[in-house]
Amino acid sequence: MQSAHELYTEGHIAALEAGDIRNASLNYALLVIHLLWSGANLNVVKNKIAEAVRFMEQHSILSILACVKPLLQTVDNLIKSNESPPSHETGVVLDGLAFDEK
């Protein structure tokens, strides 16, 4: 997993050096998506997504920003759900015949 993170980071830097902001943004997006799905620390993921969002907003890369920005809310929700135990009001309650069987 770490090598994929490094490749996306290197791709981001190489695109920046070439002046290709769109591909720099795409590599940034792929990096944060990969961080999230690879199980990285959620606070690290949140910070990295926030950096990516700021970068894309500064450069007006709206199409990729529209794909990345919702991830920030998703990570916030995951962090909040890890901080408090689920309840019937906030958590998912699974009941029914399949869940009652022993």
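A brief look at the structure comes next. (Residues numbered from 1 in each chain as written. Predicted model: local features only at pLDDT ≥ 70, side-chain atom pairs only at ≥ 80, totals over all residues. Heavy atoms only, no water.)

## What to know about the pattern of salt bridges
- With the rule as written, the count across this model stands at three salt bridges.
- Note that Lys48 and Glu51 form a salt bridge whose closest N and O atoms lie 3.5 Å from each other. With a gap of three residues between them, Lys48 and Glu51 both fall in helix 3 (residues 42–58), about one helical turn apart.
- With a relative accessible area of 27%, Lys48 lands in the partly exposed category.
- For Glu51, a relative accessible area of 31% translates into the label partly exposed. (Salt bridge = Lys/Arg side-chain N within 4 Å of Asp/Glu carboxyl O. Helix = DSSP H or I, 4+ residues; strand = E, 2+ residues; numbered from the N terminus. Buried < 20%, exposed > 50% of the residue type's maximum accessible area, 1.4 Å probe, protein only.)

## Some points on the environment of Ala50
- Looking at the element boundaries, Ala50 is found in helix 3.
- A relative accessible area of 21% means that Ala50 is categorised as partly exposed.
- Linking Ala50 and Leu72, residues 22 residues apart in sequence, is a C-alpha distance of 7.1 Å.

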